[in-house]
Amino acid sequence: RIRLWENQRDMEALRLVSDHRYVIDQAMWLLDQGGEENKNNTELGGLSLEDLLEIFQEALARCDGLNESEVEYSWKAASRLRNSIRRLGTFTLLLNHFNTITGPASAE
């Protein structure tokens, strides 16, 4: 499952990975790929906004499943994921609203 996720960015494979820490680490890695210093990075592999939102939500849900020894990591990851989910959700709503008003952008 991990190999399928890493090679093909298969969302179902990531959901089926039983290692909570791995799923959370993958979400954190994806968050780090979106920074200004990585604006030309193609590592996101065609993931849509909806895919990213789903990955972040899955990782957030798994934060509660970490061991007590990882409480600090879990808290920091959960905080970052909540913030990212809120921002991504807001962006998606605004994008959908804009597209409703103006119509989808045409490829010219």
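First, a word on scope: everything that follows refers to the structure included in this document. Predicted model, so just to flag it, every value in this text is computed and none were measured. (Residues numbered from 1 in each chain as written. Predicted model: local features only at pLDDT ≥ 70, side-chain atom pairs only at ≥ 80, totals over all residues. Heavy atoms only, no water.)

This part covers the packing of helix α4 (residues 49-62) against helix α5 (residues 71-102). Running from amino to carboxyl end, α4 crosses α5 at an angle of 155°, the nearest separation of the two axes being 9 Å. One way to sum up the angle between α4 and α5 is to call them roughly antiparallel. Pair α4 / α5 crosses with left-handed handedness. For the pair α4 and α5, contact is made by L49, E50, L52, L53, F56, Q57, A59 and L60 and by A78, L81, R82, S84, I85, L88, F91, T92 and L95, respectively. Across the contact of α4 with α5, the residue classes break down as 12 nonpolar, 3 polar and 2 charged. (Axes fitted to C-alpha atoms, helices over the stretch in contact; angles between N-to-C directions. Helix = DSSP H or I, 4+ residues; strand = E, 2+ residues; numbered from the N terminus. Parallel < 35°, antiparallel > 145°, perpendicular 65-115°, else oblique. Left-handed = near helix turned anticlockwise from the far one by under 90°. Contact = heavy atoms within 4.5 Å. Nonpolar A, V, L, I, M, F, W, Y, C, P; charged D, E, K, R; others polar.)

The next thing to look at is the packing of aromatic side chains. Counting across every chain of the model gives 0 aromatic pairs. Cation over ring: R9 sits above W5, and NZ or CZ is 4.8 Å from the ring centre. The cationic tip of R21 hangs over the ring face of Y73; the distance from NZ or CZ to the ring centre is 3.5 Å. (Phe/Tyr/Trp six-rings, centres within 6.5 Å; stacked < 30°, edge-to-face > 60°. Lys NZ or Arg CZ within 6 Å of the ring centre and 35° of its normal.)

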